[in-house]
Amino acid sequence: APKGLEMPPELVQSLKARNIKISEHERLDEVIADADVVYVTRVQRERFANPDEYEKVKTAYKVTPETLTRAKPNMILMHPLPRVGEIAEECDLDPRAVYFRQAEHGMYVRMALLAAILGKA
């Protein structure tokens, strides 16, 4: 993550205490060639007290077709949607982009949960 958006130190310590291997990087290009799954989210403006700090990092990770040329052929690109510029629309046709299926599957899960809660399942 870019400076200011890295994992909280207490989370890093907790993971290390459980012998969970972590590595932190500031640039996606440093690790995309090794990734099996890339899960992209938007930088949330509402988490910043200072709008200038948000502006500095809002597009720190923009996935483009050029970015994907360095990724594995079977890598999966995920995003919770809606996107706000984190993934170029040109990536939508890449077979590794699964975010539209991801959103559809999430809808079915929510439908099933609602049915279970309402006693219709």
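Everything below is about the structure shown above.
Below is a short write-up of the structure. Because the structure is predicted, anything quoted here is derived from the model rather than measured. (Residues numbered from 1 in each chain as written. Predicted model: local features only at pLDDT ≥ 70, side-chain atom pairs only at ≥ 80, totals over all residues. Heavy atoms only, no water.)

**Section: the overall build of the protein chain**
Here is the rule we go by: Each helix is a run of DSSP H or I of at least 4 residues and each strand a run of E of at least 2, with the numbering of both proceeding from the N terminus. A radius of gyration in this sense is built from C-alpha atoms; the matching globule rule multiplies 2.2 Å by the number of residues raised to 0.38. To sort residues, take the accessible area from a 1.4 Å probe on protein chains only and compare it with the maximum for the residue type: under 20% means buried, over 50% means exposed, and anything in between is partly exposed. Any two residues having at least one pair of non-hydrogen atoms within 4.5 Å are treated as being in contact. Only the protein chains shown count as covering a residue, and every accessible area follows the Shrake-Rupley method with a 1.4 Å probe. Residues scored as positive are Lys and Arg, those scored as negative are Asp and Glu, and His as well as the terminal groups of each chain are ignored. Think of each charge as sitting on NZ of Lys, CZ of Arg, CG of Asp or CD of Glu.
In terms of regular secondary structure, the protein chain is built from 4 helices and 2 strands. Counting from the amino terminus, helix and strand elements in the protein chain follow one another as α-β-α-α-β-α. Rg of the C-alpha trace for the protein chain: 17 Å, well past the compact-globule value of 14 Å for 121 residues, more than 25% over. Counting only C-alpha atoms, the protein chain reaches 45 × 35 × 35 Å along its principal axes. Counting over 121 residues, the protein chain shows a buried share of 24%. Pairs at least 24 apart in sequence give 54% of the contacts found in the protein chain among residues at least 6 apart. When the accessible surface of the protein chain is summed, it comes to about 8900 Å², and 56% of that surface belongs to carbon and sulfur atoms. Charged side chains in the protein chain number 18 positive and 19 negative. The centres of these two groups are separated by 5 Å.

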